[in-house]
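In case you want the letters, here they are:
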Amino acid sequence: MRHISWRATGLTSVAASVAMLLAACGGGTIDEQTKANESKAGSAGDCGDLNIAVNPWVGDEASSYVVGRVASQQLGCKVNYKELKEDVSWQGFGTGDVDVVIEDWGHPDLEKKFFAEQGDGSAMDLGPNGNVGIIGWYVPPWLAKEHPDILDWKNLNKYAKQFATSESGGKGQFLGADPSYVQFDEAIISNLNLDFKVVFSGSEAASITAFQQAEKNKEFLIGYFYEPQWLFADVPLEKVTLPPYEDGCQADPAKVACDYPETELKKIVSTSWQKEGGPGVGLVTNFTWTNDDQNQVAKYIAEDDMKPEEAADKWIADNQDKVDAWLQ
Amino acid sequence: MTATLTPPASAPPTPGPRGARRAFDGIPRWAWALGVVVLWVLVWALTKGTHTLALAGREHTDVQTSLGGFRDDVLAGRDDNPVIQLTYDLGAWFTSVVDWFQRMLSIPDFPRPVPQVGWLGVTAVAAWVGLAIAGWRIAVLVALSFVSFGAFGYWSDAVDLLIVTFVAVGVSVLIGMPLAVLVGTGNRAVNAVTNTVLDVFQTMPTFVYLLPIVLFFGIGAAGAVVCTLVYALPPIIRIAGHGIRNVSTTTIEATDSAGQTWWQRLTKVQLPMARKTIVVGLNQTIMAALSMATIASYVDGPGLGRPVLDALVKNDVGGAFVPGALIVVMAVMLDRSTTAASEYSETAARGGVDLRRRRLLLAGAAVPVVVALYLSRTYPWAAQFQDPGWTPKVADGVDSFFTWFTDTFRGFTQGFKDLVSAALLDPLQSLLAESPWWLAAGALLALAVVVGGVRALVPTVVCIGGLLYFGLWHDAMVTLNMTLVGTVLVMLLAVVLGVAMARSRAVDLVLRPTLDAGQTIPPFVYLIPVLALFGSTRFTAIVAGVVYAAPVAIKLVADGVRAVSPSTIEAGRSTGSTRWQEIVKVQLPMARPSLVLAANQGLLYVLAMAVIGGLVGAGALGYDVVLGFARSEEWGKGAAAGISIVLLGIMVDRIARSAAHRSGAPAAR
């Protein structure tokens, strides 16, 4: 056995040497590319590192990569994408691990800890990113079509029995969301006297699977969801109207009995990064786009299986005028 | 959690088989247990729904609030707290080590467009190392594995995972070996303390210690290395310590009489003689480290876990499958390599290897390695793997298979879920969680004493007290219920498949690799199909737990049944017993210690999946942990939930161990 392997080794060395000779004729070595990179680095502006947090939903991934691609291709920044949950991202502002969160849905408790007025001042608000978050109660399209009156909360009790599952203890099941999301569904249900029980899906993946299956198999399902979200391209969920939101109706979490407000999504950045004032700061400050823009890129990623970089590049190529406005 | 060397323990409170030891003046134990349960049900019927200590979604107890306050204090003081400065420095050091390796091996080292060493060089060096430590078969296995990482388009993620794993395992060995020596040579008290600490490490859901780790070490590679390290440390301490302790006393006495010092005894006798067990410990540590791959991605740890998690966000089963399968490939590669290396070193130590020849062989093999290194530093084709585009095809295939599978079986699985929920989950949950806390606590305590005796009393009291203190009693009972039902399902599978494997070589040959894969594949990969089949329910969580726990239990039962002496079986056959009688009357009773160990391990594994269950609609403690991780104002509640899971695990484990001890420690026979 040992004898054979000894000879095999000899053969491999010969084969490898031949391969090397062949390759040597190929041309285009790494050294040449390295020199090209060096000269390119000399001519580009000094943007430095840009650490963008990528929160775990596709919409945020879309925004982060569009900003990141513009920063790296047109400003010469070295962009690092950090895949993190929101809470962890905010902790990274103070340590220099994170510079930018591009899509923040409102975190009063985190603002209290990290904004200058109330907390350690490691984070700051850099204004709206143009997207508007719509949170609410949704049902699968087939259900809205067959029972249109289900889209009014006043009729929900009529259907409560049909929403019951093995988890809801005889009541109708309301599918609560990923724990990261702002949600008052338990309070809304009890304050509107609805005969429902909240069962938390526990993750966005679980919620999406539930809605997809409910549509496919024509099952009763009602739950928390939000826009902008790529799922709407696949399953256009219908929103159930709740008593309209008014200022202050969510002041006491236990007494909420109204719909969710529309949320203006905003950019949160690290204060020290903003103070340094590199070219990336201008880009992030100027960055805004619409829900449709984001859905387009999110669809490229989630539906068309494009890599986030490719999806961002495609959108940037198609919308150079918008990108130019950010770079002023 | 390691399946290898937890001392044998008894099953949870099930009525004993025929001939159960008589205790308490002739009344058998199972009768006492039955009495406790009957009394419990009677009182429950009158009091249910009162004093259940249920806590609504966003309510906190004072203890939980102050746990959250501790976090806030640490955060607020992170700029001038010396401890945090130290841990940050340590974290920064880990980051720079990992970063250095990455620039060498996996990511472009600017201004170079590629890493310092390209794929061909890395693969050649790895194969050469395989050749040097374990022979040419392993060298081939290593080379093929590395090529598969590149061929499926995950070269840098795979190498990143290897880097994180090796840094974490390296530090684990540095910290773990001295502790293993302490365990191996220390007295009973030292052992009791280390065992409890290690139990906590291994039972604590990984999500829970991600929270403090991020706080103290930061995110990215630092957080990933530290959380992998914490999870990977216990096996090497336990197993290597066990090996050192079990070096034969006569050998030690013989060499002691020659007047050796403590140090000489350790380095010349105990460590060399325990070498094989130490390598087993190392092997288990590596496996544990790999199983953290996806969890570490939650804090931006580099590696193959990242594409798995990415795909999960998009509900892309096929996309998660390929990187998940590559984690399995890596696990198999490392597992076989370490095992082969230990056998090889054993042969070498006995002089079974021709050293001169081996040196020549290695030197000869070094020539192509150097050539490969040179090529990979010079030419793009040898530096960067050309993605042949197989991954999307495999992913599509897997996707369409799962779509077909769910569409075909969903009706059946939903029915099965409803049946188990109505017949098993709901009644038991109602008894455990709807009892007033004093009733459930009293009943659990009484059962612990009946089954485990006085030895079980103290740990049970401490754990129940702890559960009450941390304020998530109701959720803990719901989680305990799911864990018990999951364990019952695991044992059903373990007995049926384990016996089948033990009795038929063919079945064993097919099942064993499947079980290996089941143990290594990240649970996140099969979460979405299971979700599609069963919906966001407690049952989905249980299924995920069973998939995770069953392989260990099945293997333990199979090994136990196979170990039943053939002469005993022959004796049974000669009296004309049928195959069924042979299994039920001979093989299973004789394999009882293994069954008991399988049940104990199964239970701990199912419990370890509680947090994953929280991600798929199981609620209870798992959800609380996920909530604490996701929302900063719930941190204290999440931490309390994590501690509660540990307390549940330790309680059940200690009761089971005492029961095993009382029934005459069957493993000793």
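Starting from 1, residues in each chain are numbered consecutively following that chain's sequence as written. Written order decides the labels, with chains lettered from A and ligands numbered from 1. Predicted model: local features are reported for residues with pLDDT of at least 70 only, side-chain atom pairs are reported and counted for 80 or more only, and whole-chain, interface and lining totals are derived from all residues. For the side-chain quantities, the full set of heavy atoms in the structure was used; hydrogens and water were omitted.

Details of the pattern of salt bridges
Convention followed: Salt bridges, as used here, are contacts in which a Lys or Arg side-chain nitrogen is within 4 Å of a carboxyl oxygen on Asp or Glu. Here a helix means four or more residues in a row that DSSP labels H or I, a strand means two or more in a row labelled E, and each is numbered from the N terminus. Partly exposed describes any residue whose relative accessible area lies between the buried limit of under 20% and the exposed limit of over 50%, with all areas from a 1.4 Å probe on protein chains only and scaled to the type maximum.
Counted according to the given criterion, the structure contains 34 salt bridges over all chains. Between A:Lys322 and A:Asp293 there is a salt bridge, with its nearest N and O atoms 3.1 Å apart. Remark: A:Asp293 occurs in helix H13 (residues 291–302) and A:Lys322 occurs in helix H15 (residues 320–326); sequence separation between them is 29 residues. Assessed through its relative accessible area of 31%, A:Lys322 is described here as partly exposed. Across the salt bridge formed by B:Asp335 and B:Arg336, the nearest N and O atoms sit 2.6 Å from each other.

Quick notes on unusual backbone geometry
Residue and element names in this part refer to chain A. Here Glu227 and Pro228 are connected by a cis peptide whose omega angle stands at -5 degrees. Relative to the assigned elements, Pro228 resides in the loop between strand E7 (222–227) and helix H10 (231–234). Phi at Asp305 takes a positive value of approximately 55 degrees, unusual for a residue other than glycine. Residue position: Asp305 is located in the loop between H13 and helix H14 (308–318). By relative accessible area, Asp305 is classed as exposed at 55%.

Let's talk about the environment of A:Lys255
By secondary structure assignment, the location of A:Lys255 is in the loop between strand E8 (238–240) and strand E9 (262–270). Sequence separation of A:Lys255 and A:Glu204 is 51 residues, and the distance between their C-alpha atoms is 26 Å.

Some points on the interface of chain A and chain B
To keep things clear, this is the line we draw: Between two residues, a contact is recorded if the distance between any of their heavy atoms is within 4.5 Å. Two parts lose some accessible area (1.4 Å probe) when they are put together, and adding that loss for both gives the buried area. Any N or O atom pair separated by 3.5 Å or less is treated as a polar contact, with the protein-specific requirement of one donor-capable and one acceptor-capable atom, and with residues adjacent in sequence counted only for side-chain atom pairs.
Contacts between the two partners involve 73 residues from chain A and, on the opposite side, 73 residues from chain B. For the pair chain A and chain B, the summed buried area comes to about 5900 Å², and 58% of that belongs to carbon and sulfur atoms. The largest contributions to the chain A side of the interface with chain B come from A:Ile30, A:Glu83 and A:Pro179, which together make up 11% of the buried area. At the surface where chain A touches chain B, the tally comes to six salt bridges. Our count for the contact surface shared by chain A and chain B stands at 14 residue pairs in polar contact (both at pLDDT 80 or more).

Coordinates in, geometry out; function isn't part of it.
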